[in-house]
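# Tertiary structure, described
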Amino acid sequence: MNKILTLAISALFAPAASTASAETISGTKMNLPLVQTKYTADPAPYVHGDTVYLYTTHDEEGAGGFLMKDWLLYTSTDMVNWEDHGAVASLKDFKWYKGNNGAWAEQVIERNGKWYMYCPIHGHGIGVLVADSPYGPFKDPIGQPLVWQKEHWYDIDPTVWIDDDGQAYMFWGNPNTYYVKLNEDMVSYSGDIVQLPKIKDYQEGPWVYKHGQKYYMAFASTCCPEGIGYAMADKITGPWEYKGHIMNHTPQTRGNHPGIIDYKGKSYCFGLNYDVFRMETSRHAEQRCVSAAEMTYNADGTIQELPYFLHCKLDQVGSFNPYRRVEAETMAWGYGLRTTRENPSGPWNPTLFVTNIDDGEFILIKGVDFANGAKSFTASCSAQLFGGSMELHIDSPDGKMIGKIDVPNTEFKYKEFTCNLQKVTGKHDLYFVFKAGAIQKNNLFNFDWWKMTK
């Protein structure tokens, strides 16, 4: 548990929190970042049906400054357990761009069965990709930037809203805010680029949406550090009136980028911070992580200011169904683990899997509904050398153990391992706790998927 316990002594928490238990740190009692297996930033959540599609940018691990090459996707139906779908688009999808950095804050929106991803490439304008599915593949339909004001580098952070009359708008910009009217095809625009009057405390990262009868523009407030501010208007084109902070400036965020949705009767604000990176170091690098919090509107439409993410409310909406094939990269917490498609020492795996599994680490699935009880557990795993074991615990990493599988050397091949389960009924947090044998302590095995049977 040593990687998790590092949190307890880091500068991330107030001194009073330094005695926090592993259970607290693992996310059961604190509102910690949504993703820990990669560095994510610039959240762009989108609700479609009963699912939240969370698109993010991706800080390459080990970079000091901004090194961003692709865009990632995570999905959830309960706001706490998120499935990693990996990179769904990258700079390579824009053939007109020859660089290898600059995949900044995107937004994705669906219209008429097509999914449109608006992608800023820093210093080279804003491109657009289109797909038939939220998971891609995304392709460039125009072969050039949709918007590029070449006299400056302000064309970043696009946000798109389709108004009630069907007219779509794209807003963007740092330090100024611009907008255009998008055509029905969503990959071209009509009229001039309009620059809005300066909004107080605005820096970048606009997020335009409608709630009730009012239009909102949330944004990263003046750097540095950036908070999340917002303005309101009676029309989408303004005038925009500054209303204050959704979350005040704090050095724990430095930069920010809001994303706001309504989902299953609640409202949520997404943003970014450095909490995962600061579990290991106090130095600064652009290694960010996405967080979310429940948000409340006042009767007049204004928004109640939130404290910092760690101290905000983020409850599970519903429960988690274990009686199906579940991808191993679905989790509420998995600090220290990584997800990838690449297997340099073995055969190619076309799907994502969990790797970098070390002794004592765990995956947390929140709010698993065992109903009247599960009889067996099956997992698909592969091991290169000595392997290890996976213990199933409920309610905490050292809580009651209800089952265990051993994963021996499989010569890189994925095999299914099954164990019987002690009967557990009702709703519990479920922990997959990884244990080493006597020899190998790190990189024990890879984990692809799991399921339970009644």
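This report concerns the structure included in the present document.

Rules used in this analysis
- Residues numbered from 1 in each chain as written.
- Predicted model: local features only at pLDDT ≥ 70, side-chain atom pairs only at ≥ 80, totals over all residues.
- Heavy atoms only, no water.
- Helix = DSSP H or I, 4+ residues; strand = E, 2+ residues; numbered from the N terminus.
- Contact = heavy atoms within 4.5 Å.
- Core = buried A, V, L, I, M, F, W, Y, C linked by side-chain atoms within 4.5 Å.
- Buried < 20%, exposed > 50% of the residue type's maximum accessible area, 1.4 Å probe, protein only.
- Salt bridge = Lys/Arg side-chain N within 4 Å of Asp/Glu carboxyl O.
- Pairing = 2+ DSSP bridges.
- Phe/Tyr/Trp six-rings, centres within 6.5 Å; stacked < 30°, edge-to-face > 60°.
- Lys NZ or Arg CZ within 6 Å of the ring centre and 35° of its normal.

## Quick notes on the environment of Glu327
Take Glu327: it is sitting in strand β19 (residues 326-327). Contacts of Glu327, omitting those with residues within four sequence positions, involve Glu83, Leu352, Asp448, Trp449 and Trp450.

## With respect to the nonpolar core
Judged by nonpolar contacts, the single largest core of 74 residues is most densely connected at Tyr55, Met117, Tyr118, Met170 and Ile246. Beyond its immediate stretch of four places on either side in the chain, Tyr118 contacts Ala105, Glu106, Gln107, Ile109, Gly127, Val128, Leu146, Pro158, Val160, Met170, Leu182 and Met186.

## A look at the pattern of salt bridges
Scanning all chains against the criterion turns up 12 salt bridges. A salt bridge links Lys313 to Asp315; its shortest N-O distance comes to 3.7 Å. Residue classification places Lys313 among the partly exposed positions, given a relative accessible area of 46%.

## Side note on the pairing of strand β26 (residues 401-407)
In this sheet, β26 lies alongside strand β25 (residues 388-394) in antiparallel orientation, the contact comprising six bridges. In the sheet register, Glu391 faces β26, and the bridge partner there is Lys404. Adjacent in sequence and paired antiparallel, β25 and β26 are bridged by six residues, among which Asp395 carries a positive phi angle near 75°.

## Regarding unusual backbone geometry
In this structure, the amide linkage connecting Gly136 to the following residue, Pro137, adopts the cis form with an omega of 5°. Mapped onto the secondary structure, Pro137 falls in the loop between β7 (126-131) and β8 (159-162). Of note, the amide linkage connecting Gly238 to Pro239 takes the cis form, showing an omega dihedral of 10°. Its place among the elements puts Pro239 in the loop between β14 (228-233) and β15 (241-247). The residue Asp42 is not glycine, and still its phi comes out positive at about 50°. You can see Asp42 is positioned in strand β1 (residues 39-48).

## Let's talk about the packing of aromatic side chains
Here the structure, examined in full by the defined rule, presents 27 aromatic pairs. An angle of 90° between the planes, with centres 6.4 Å apart, marks the rings of Phe171 and Trp240 as edge-to-face. Remark: Trp240 occurs in the loop between β14 and β15 and Phe171 occurs in strand β9 (residues 168-172); sequence separation between them is 69 residues. With respect to class, Phe171 is no different from Trp240; both count as buried. An aromatic cluster is defined as three or more aromatic residues linked by ring pairs; in this entry it consists of Phe320, Phe377, Phe432, Phe434, Phe445, Phe447 and Trp450. Lying over the aromatic face of Trp148, Lys150 brings its terminal NZ or CZ to 4.7 Å of the ring centre. The ring of Tyr323 has Lys454 sitting right over it, with the charged end atom 4.9 Å from the ring centre.

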